[in-house]
Every structure is written in C-alpha cells, then in structure tokens.
Amino acid sequence: MATMGQLWANTGSALATLMFVYTIFKQWFPHVGDHFEPFFQRLFSRFYPYIQITFHEYSGERFQRSEVYLGIQSYLSKDSSSRAKKLKANTTKGSKSLVLSMDDKEEITDEFENVTVWWQSKKEGNIRQSFSFYPAADEKRYYMLRFHRRDREVIIERYLEHVMKEGKTIELKNRERKLYSNTPGQNHGNQTKWSHVTFEHPATFDTLAMEEKKKEEIKSDLVKFSKSKDYYKKIGKAWKRGYLLFGPPGTGKSTMIAAMANFLEYDVYDLELTTVMDNTQLRRLLIETSTKSIIVIEDIDCSLNLTGQRKNKKEEEDEDGDDKEAIEKKMMKNEGDKKESKVTLSGLLNFIDGLWSACGGERIIVFTTNFVDKLDPALIRKGRMDKHIEMSYCGFEAFKVLAKNYLDVVESELFDEIKMLLEVEEIKMTPADVGENLLPKSEGEEGETCLRRLIEALKEEKEEAKRRVEEEVKQKKEEEEEKKRRKEKKAEKEAKEEEEKKKKKKIEENGDVEH
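As a convention, each chain's residues are numbered from 1 in the sequence order in which they are written. The predicted nature of this model means local features are confined to residues of pLDDT at least 70 and side-chain atom pairs, given and counted, to a pLDDT of 80 or more, with totals for whole chains, interfaces and linings taken over all residues. Values reported for side chains reflect all heavy atoms of the structure, with hydrogen atoms and water molecules removed beforehand.

Undergrad: It is not clear to me how the overall build of the chain should be interpreted in this structure. Could you clarify?
TA: Helix and strand counts for the chain come out as 17 helices and 13 strands. Buried positions account for 35% of the 515 residues belonging to the chain. Contacts between residues were defined by any pair of non-hydrogen atoms, one from each residue, lying within 4.5 Å. In the chain, 68% of the contacts between residues at least 6 apart in sequence involve partners at least 24 apart. Only carbon and sulfur atoms are counted for the fraction: they give 51% of the accessible area of the chain, which is about 34,100 Å². What counts as a helix is a DSSP run of H or I of at least four residues, what counts as a strand is a run of E of at least two, and both are numbered from the N terminus. Buried, partly exposed and exposed residues are distinguished by accessible area as a fraction of the type maximum, computed with a 1.4 Å probe on protein chains only: under 20%, between the cut-offs, and over 50%, respectively. Shrake-Rupley sampling with a 1.4 Å probe provides the accessible areas, and residues are treated as covered by the protein chains on show and by no other component.

Listed below in structure tokens is the structure:
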C-alpha cells in the first residue's frame, strides 16, 4: 500500500513538473508549443478527473461586458462576502449598492444537489495588445468553474441554469429602479422617447389609506401574477395584467401605483398619450419598455378623445348639417388635428392586448380615471383591464392608517367621534383632505389638536354637503317648474294654433258656399 501511495505521489509530482515545464516552454516558443498542446491535454485528462469551464468578462466584440459573466458575479456575491478572504467592491451601472465579489485568484466552493463545485476568479495579462476600446485592455478577467467529471450531467443541465436564474434575480433586486416618461426628442423630429429618473417614491401598502382586507386582496393578486409565467404560457396568454383605478380626485390612485411598484420592485413607465403622435409611435414605445414594469396612463379620460370615437346616430346627423358655422368649426378642428396626437382607440386597444403586447413579459398596465362612465366599454372590459379597483372616500379604517402615518397615534378618545362622522353620518372626505387636516402645522402641535381640526373639517363638510343637497333640490325644483311652464306655454301655443286652423278652415268653407 505504501509503495502504491508513493507511486501515485511520484506520478502527480512528475505531472506537475511536466506541466510547469510545458507552460514555460509554450511562453517562450508559442508556435512550437501549440503542436504539443493536444498531446499534453490528453495525457493530463487521463489522470485529472475534473472538468473546467471558463466564463470571460468580455466576449464577442468585447465592447460590452458579458451578461453571463455579470450573472455569475451577482450569483457569487451572496457567498463571496462571507467565504472569500479577499474581496473587491465594484459599482455596477444601474445598481443601487456596491457589489462585493471575490478578488483575483480567490476561490470559493458551492453546493448544488449534493454536488460540490469550485469557483475561481482569474486574470490574464495580454502584453501583445497595445490598444483596445474596452476597459483594462492589458487584463482579461474570467471565472473558472471546476467540478468532477461524474457530475457533468447535473452541472450542464441544471446547475448552470440555476446560477443564471439566481444571478438575474439578485441583479434585479439590487438594481436602481427607474421612473420613465415619454418626451419628444429634440433631435428626432416628432418622435418621442423614454427618459428616466431614479424611482424613489416612499409609498407602500402599509402606508396606503385603505381597508386592510382590500389591500391584502390586491397584494395577493400581484404576487400570483408575478409567479405565473408558466401558467400564462400554458393558457396561451401574454404575461401581463391590467388594472383600472377609478374614483374621485384625491383618493390615492397615484399612491396606489407607487405602492404596487415598490411591492413588486418594478420600474414605472408614465405614458403621456398627448405627446405620442400616432399608433406607430405608441407601438414603438411599448417595445422599448422592459420586463418587470408597470405602464401607467393616468387620467385616461382626459388624455385623448378616446371616449367619443364611437359616435351615435344623433351625433352623426348633427355633424351632417351644412350651415356655415358648423363647416367653419369642422375646418378649425381639422387644422388643430394636424398638430395633435392621432392615437386612436383601436391603436390603444392593440397596445393593451394586441399582438405587440406579447413582446417581453411580466408587465402590468394601469389606467386611472375620475369618471369611469366616460370610458369606452371596449377599453376597460375584462381581459384588458382585468381588475377594477375603486378608490373611494376615506373610511374609518383608512383614517386609522393616516393617523398612524401622520401622528403616530394608534388610539384616542376622539376616534369614536371621527368614526361616527365617517361611517354613521357618511361624510365624504378624500384621504388627501383627511391627511392635510392631520398634518401638524407647527413644530410643537400635538396630535389631539390635529384630530380636533379634522373633526371640525368633517362637520364643516357635513354642513357644506347639506347646503349642496338643498341647492340641488332647489335647482331641481326650479328646473321642473321651468319645464312645466314650457310645457304649458307649448300647450297654449298649440291650442292657439289649432284655433287659428279652425278659423281658417271655417272661412274657407264659408267662401266655398258663397261661390
């Protein structure tokens, strides 16, 4: 046994010495060494049971870093900080934090399905290259993966896919999320393009003024959507979902969008339809959006004239008139249309769920409106706007969220009175107005003072609502009286005309008799 062990030790030492000599020989005589390389590789592979795979930092034209390399770097960063002895910190473009990775010549181990692999970070010099367009021209960095040949199937078929998937997830989590808006390009004629700023809106579902049950329902829907890639593929639908947020101004529609984006860690694309010249540009903007994003069209009922494109018969008859004023108005309208957006309802419908909507994936489309009744039913039907969420006036549960947000008050004797005003007397006040009354107006203002101010505002709103109802009743009564007067006047006119007809007929009859 000792003789056999000594034999293997001597063989390993001899191979190491041979490889060292071959490396030196190849460095000094590169062209000659290339002829012997296949022989040495076959000889080495007989005694070396490990397989190596290299992943270079730059590949192809080398003007951009390899996505595979960056994915591996992100994957290894989760273990490098705790296992590697030497680390390096990098700032990756679009990342919100430093990326820690193992330094050159460091090695860490990883396990997958009871298989151990070794990762090494390596660097090679390139003294023959004098100039290059990509960074660190004299250095070539790469990761080397080493594993036993018996584990080839596990590594090739499952482990590498696992590394890229996990690396992409970590990369997306660490990225700096963005808020995009479409603006006309100064050097692109009338074309619009996306520009962005960092998305830093602090809204979350915890701070959203809404009933807890309703928030949980929305969160569950969002989670289910984000994990349903295979399901959408199975049923043959594009991986997207539409949300319609409707309600009076100040009820938190924009805040809801921010909370959704923060919950899913998605980017936000704020689409302004009035700057999009036609359907072609709209489609181009859609193609340029990324996955894991929310595309928002706020106040869609005001963005374009999409609600009146399906004219009824009466409207068409009115437009068929040939009076001079109508013709002049039509000419002015056509002149203005040349400068305005020509996005049509059909183009917007194709944007939502046409063939082009399947480009990419994992997108949420959100429409907001103050007047849902004004929207064309085809625009908001199920399948386009899958979930309709009413953003209503502030209830007691929503008030408690706002009281905690603004005042750090969880319970107070004044809550019962506020509950009475909001729920029993059903006083309508938006969350925005409630928040404004709860906001301390000076440095030392107490929470109780803010609560009392809210109570007074609710009582004033009650009186104002009562006054509006009285005015509406009065106006309605006046309208009915006016309608009655017009009806009586019309009946009187018709009776008078009928009397005139009778007199005329009688005169005509008398004339005929005389003749």
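Undergrad: It is not clear to me how a nonpolar patch on the surface should be interpreted in this structure. Could you clarify?
TA: Judged by side-chain polarity, I287, L355 and W356 come together as a nonpolar surface patch covering roughly 360 Å² of accessible area. Examined against the element boundaries, L355 turns out to sit in the loop between α12 (345–353) and β12 (363–369). Patches in this entry comprise residues that are over 30% relatively accessible and not in a salt bridge; like charges within 9 Å are linked, as are nonpolar side chains (Val, Leu, Ile, Met, Phe, Trp, Tyr) within 5 Å. Each salt bridge in this description consists of a side-chain nitrogen of Lys or Arg and a carboxyl oxygen of Asp or Glu lying within 4 Å of one another.

Undergrad: How do you make sense of the pairing of β12 when you look at a structure like this?
TA: For a regular strand, side chains alternate in direction, first toward one face of the sheet and then toward the other. The buried fraction of β12 amounts to seven of the seven residues, a majority that puts the element mostly inside the structure. The two faces of β12 match: R363, I365, F367 and T369 on one face and I364, V366 and T368 on the other face are all buried. For two strands to pair, DSSP has to find at least two bridges joining them. As paired strands, strand β9 (residues 240–246) and β12 are joined by seven bridges and run parallel to one another. Looking across to β12, one finds that Y243 is bridged to V366. Summarising the sheet, strand β11 (residues 293–297) and β12 pair through five bridges and their orientation is parallel.

Undergrad: Just to check I follow, could you spell out the pattern of salt bridges for this structure?
TA: If charged atoms from side chains of opposite charge come close, those side chains can pair. Evaluation of the coordinates by the stated rule reveals 21 salt bridges. A salt bridge links R381 to D353, with the shortest nitrogen-to-oxygen separation between them at 3.5 Å. Separated by 28 residues along the polypeptide, R381 in the loop between α13 (377–380) and β13 (387–390) and D353 in helix α12 bring together distant segments of the chain. Across the pair K459 and E417 runs a salt bridge, and its minimum N-O distance is 3.4 Å. Here E417 lies in helix α15 (residues 415–424) and K459 lies in helix α17 (residues 447–514), a separation of 42 residues in the sequence. Judged by its relative accessible area of 35%, K459 is partly exposed.

Undergrad: What should I look at first to understand the environment of S59 in this one?
TA: As for its position among the elements, S59 is in the loop between β1 (50–56) and α3 (67–83). Classification of S59 by relative accessible area gives partly exposed; the value is 43%. Each C-alpha atom, one on S59 and one on Y69, is 9.5 Å from the other, the two residues being 10 residues apart in sequence.

Undergrad: Would you take a moment to explain helix α8 (residues 279–287) for this structure?
TA: Residues spaced three or four apart along an α-helix point in a common direction, a consequence of the helix completing one turn every 3.6 residues. Within the span of α8, buried status applies to Q281, L282, L285 and L286. In a view along the axis of α8, the buried residues occupy a sector of 145°, so they form one face of it. In the analysis that follows, any N or O atom pair within 3.5 Å is treated as a polar contact, provided that within protein one partner can donate a hydrogen and the other can accept it, and provided that, for residues neighboring in sequence, both atoms belong to side chains. The N-cap of α8, judged by a side-chain oxygen 3.2 Å from the amide nitrogen of T280 a few residues on, is D278. The arc in question is traced by the directions running from the helix axis to the C-beta atoms.

Undergrad: What is the right way to look at the environment of L421 in this model?
TA: Tracing the sequence through the fold places L421 in helix α15. Overall, L421 belongs to the buried group, its relative accessible area being 5%.

Undergrad: Even after reading the chapter, I still don't get the pairing of β1, so can you show me in this structure?
TA: Across the two faces of β1 the burial differs, with I51, I53 and F55 buried and Y50, Q52, T54 and H56 not buried at all. As paired strands, β1 and strand β6 (residues 139–148) are joined by seven bridges and run antiparallel to one another. Pairing of F55 across the sheet is with Y143, part of β6.

Undergrad: When you look at the confidence of the model for the chain in this model, what are you seeing that I'm missing?
TA: The predicted coordinates of low-pLDDT regions are not to be read in fine detail. The pLDDT value expresses, per residue, how confident the predictor is, ranging between 0 and 100. Looking at the chain, pLDDT values average 80 and 73% of them are 70 or higher. Note that residues 127–131 has pLDDT below 50 and, in this model, three contacts with residues that lie over four places away or in other chains. When the criterion is pLDDT under 50, residues 308–324 qualifies, and its contacts beyond four places in sequence or with other chains add up to 11 contacts.

Undergrad: Help me out: how do you make sense of the packing of helix α14 (residues 396–407) against α15 in this one?
TA: Relative placement of two packed helices is described by the angle separating their axes and the distance separating the axes. One way to put it is that α14 packs onto α15 with a least axis distance of 9 Å and a crossing angle of 135°. With respect to α15, the element α14 is oriented oblique. Between α14 and α15 the crossing geometry is right-handed. Of α15, the residues touching α14 (which contributes F396, F399, K400 and A403) are F415, I418, K419, L422 and E423. All residues other than Ala, Val, Leu, Ile, Met, Phe, Trp, Tyr, Cys, Pro, Asp, Glu, Lys and Arg, Gly among them, are scored as polar; the first ten of these are nonpolar and the last four charged. Counted by class, the contact of α14 with α15 contains six nonpolar, no polar and three charged residues. Lines fitted to C-alpha atoms define the axes here, with helix axes fitted over just the stretch in contact, and angles between the N-to-C directions of these axes take values from 0 to 180 degrees. Here the word oblique covers every angle except those under 35 degrees (roughly parallel), over 145 (roughly antiparallel) and from 65 to 115 (roughly perpendicular). Note: crossing handedness is left-handed where the near helix turns anticlockwise from the far helix by less than a right angle, and right-handed where it turns clockwise.

Undergrad: Would you mind showing me how to read the side chain of D267 here?
TA: Considering the arrangement of structural elements, one finds D267 in strand β10 (residues 267–270). A distance of 3.5 Å separates polar atoms of two side chains, one belonging to D267 and the other to R175. Among residues more than four places away in sequence, those in contact with D267 are R175, R177, K178, Y180, S290, K292, S293 and I294.

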